[in-house]
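Observations on chain architecture
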Amino acid sequence: MHDAPPSPLAAEAEPLAHGLKQRHLTMLGLGGVIGAGLFVGSGAGVALAGPGIVVSYLLAGALAMLVMRMLGEMSSAMPASGAFSVHAERALGRWAGFTAGWLYWFLLVVVLAVEATGAATIANGWVPGVPQWTWVLIFMVVFTVANLAAVKNFGEFEFWFAALKVGAIVLFLALGTLAVLGLLPDTQPVGLSNLTGQGGFLPNGWEGVVAGVLAVVFAFGGLEVVTIAAAESDDPARAVGRAVRSAVWRILLFYVGSMLVIVTVLPWTAMEPGRSPYVAVLDAIGVPGAGQIMNIVVFVALLSALNANLYGSSRMVFSLAERGEAPAGLLKVSGGGVPRRAVLASVAFGFVSVLLNLKWPDTVFLYMLNAVGAVLLFVWGLIAVSELRLRRRIEREAPETLTLRMWGFPWLTWVALAGIAAVLVLMLGDEGARPQVLWSAAATALVLLVAWVRELRDMRASRT
């Protein structure tokens, strides 16, 4: 494989526009991870762990926080549109940057189909006369146009989307806390009966907590986009540091806090499969139209994720093209500093994914979804290994750029790596999650094979 470049700090100036402001990045960091997985998918975790889901979120959130801190450290020292793909290349060699970049791009464009289809399903429920595929087409066209126009359009969309999601979480926490204390009309203090009854705090033991971790850990995916976006701000190093600092602890508060409210207000046994626990709590405390309110929030969350994934995938494939790891034709940038061909390439594959999801959701698309099911953990692992390699080199060559440092280096980095490995092992032992690990491993092996073939080709070309 190709040796890593001698200096991890040899970054070229980005040709992209610097249209993102600090408020865009801060809100992107806060809202990028708050999605349908939290509002709807968290119910599956509660069913597995009971009140212990709070511990599950603490463990999964702690792992995500460590990864984000590592990524923030490297991105503030070496901001780049390819973020962790660039870091992996500088730390481990071209093969690592190629693998991390293409795997993440594939992850984003496949998940984009899930988000577009989910948002279209909700919209079709509101306006049944408009077919689901038409809604998908509308959403894809709108966000493609927004991403082609200027990066500030992406920033504004995400700012207001994230503001609505953050506002919904804060309001939910406030109403839930008042309900627990019995301060809402026609309510009595709940106390801790729902935490200690129905089998206790850990009704399914620590096995339930572990199962809960597997159910919720992927809900923290999406934090990475803020480090990709930082390269298009006026002061990338300072902007990404501030965004990471403000996002990390607040996200943990939102996730763990809302889970604590849910299992305190309602008995965990009252949760219905497929129903949002947030809706259940709002109904229980007498909020009118709770289901429709949450439908709106989930709809916005899905569109927000669609927008962020289209942006992130286009910047990742553009960064790969910059380093000669993707077709050079994707390097063309508009007068406004937007990589339009990279946007179109990403949305084109996104359209293919949507069509597969609509036509063959339980066969072809399911295989694609399984192929990216564990990719996030593989990328997190590369981030941790890259940070171990780069931190020492940055301390030697440019210690002044370490404005944001990983906590407890290197011990907590090793703890994070051990945590990632543990989650993968647990997934292999889980019948439902095992196909995701195996298919994702196969996809990763294929990308590594392509990287190896490219290395051999380049070595032969250099000898002639």
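Residues numbered from 1 in each chain as written. Predicted model: local features only at pLDDT ≥ 70, side-chain atom pairs only at ≥ 80, totals over all residues. Heavy atoms only, no water.

**Re a nonpolar patch on the surface**
What counts here: Within this analysis, patches are made of residues with over 30% relative accessible area and no salt bridge. Like charges are joined at 9 Å or less; nonpolar side chains (Val, Leu, Ile, Met, Phe, Trp, Tyr) at 5 Å or less. Under the convention used here, a 1.4 Å probe and the Shrake-Rupley method define accessible areas, while residue burial counts only the protein chains that appear. Should a side-chain nitrogen of Lys or Arg be within 4 Å of a carboxyl oxygen of Asp or Glu, the pair is scored as a salt bridge. A helix here means a DSSP run of H or I that spans at least four residues, while a strand means a run of E at least two residues long, and both kinds are numbered starting from the N terminus.
A surface patch of nonpolar side chains, amounting to about 460 Å² of accessible area, comprises Trp 133, Leu 137, Val 141, Val 145 and Leu 358. In terms of residues, the nonpolar patch owes the most to one element, helix H7 (residues 132-149), which gives four residues. Considering the arrangement of structural elements, one finds Val 145 in helix H7.

**A few points about the confidence of the model for the protein chain**
Counted only if it meets this: pLDDT: the predictor's confidence for each residue, scored from 0 to 100. Contact between two residues is taken to exist if any of their heavy atoms lie within 4.5 Å; hydrogens are not considered.
Averaged over the protein chain, the pLDDT score is 85; the fraction of residues at 70 or greater is 96%. Counting contacts from residues 1-8, a segment whose pLDDT is below 50, to residues more than four positions away or on other chains yields 28 contacts.

**Structural notes on the nonpolar core**
Using the following cut-off: Here, the term nonpolar core denotes a set of buried Ala, Val, Leu, Ile, Met, Phe, Trp, Tyr and Cys residues that are joined through side-chain atoms within 4.5 Å. A simple rule labels every residue: compare its accessible area, found with a 1.4 Å probe on the protein chains alone, to the largest value its type can have, and call it buried under 20%, exposed over 50%, or partly exposed in between.
Phe 84 and Trp 380 are the most contacted members of the largest nonpolar core, which totals 158 residues. With 18 residues, the single largest contributor to this core is helix H14 (residues 290-322). Excluding anything up to four places from it in sequence, Phe 84 contacts Leu 71, Ala 100, Tyr 104, Glu 224, Ile 228, Met 316, Val 379 and Ile 383.

**Quick notes on the side chain of Arg 454**
As a reminder, the rule being used: Think of a polar contact as two N or O atoms within 3.5 Å of one another; within protein, one of them needs to be a possible hydrogen donor and the other a possible acceptor, and neighboring residues in sequence only count if both atoms come from side chains.
You can see Arg 454 is positioned in helix H19 (residues 434-463). Polar side-chain contacts of Arg 454 include one of 2.7 Å to the backbone oxygen of Gly 324. Of the polar contacts made by the side chain of Arg 454, one reaches the side chain of Glu 325; its length is 2.8 Å. With near-sequence residues (within four places) excluded, Arg 454 lies in contact with Arg 94, Phe 98, Gly 324 and Glu 325.

**Here we look at the environment of Gly 45**
The residue Gly 45 is located in helix H3 (residues 42-49) in this model. Judged by relative accessible area, Gly 45 falls into the buried class, the value being 0%. Apart from the residues within four sequence positions on either side, Gly 45 is in contact with Gly 50, Ile 53 and Ala 215.

**Brief notes about the pattern of salt bridges**
Applying the stated criterion across every chain yields a total of nine salt bridges. A salt bridge links Arg 323 to Glu 89, with the shortest nitrogen-to-oxygen separation between them at 3.0 Å. With Arg 323 in the loop between H14 and helix H15 (340-359) and Glu 89 in helix H5 (residues 84-92), the pair connects residues that are 234 residues apart, well separated along the chain. Classification of Glu 89 by relative accessible area gives buried; the value is 12%. A salt bridge links Glu 325 to Arg 94, with the shortest nitrogen-to-oxygen separation between them at 2.8 Å.

**What about unusual backbone geometry?**
Cis rather than trans, the peptide bond between Phe 409 and Pro 410 has omega equal to 0°. The residue Pro 410 is located in the loop between helix H17 (375-397) and helix H18 (411-429) in this model. Positive phi outside glycine occurs at Ala 83, with the angle close to 45°. Judged by its relative accessible area of 0%, Ala 83 is buried. Notably, Gln 198 is not glycine yet its phi reads approximately 50°, a positive angle. In this structure, Gln 198 sits in the loop between helix H9 (193-196) and helix H10 (205-216).

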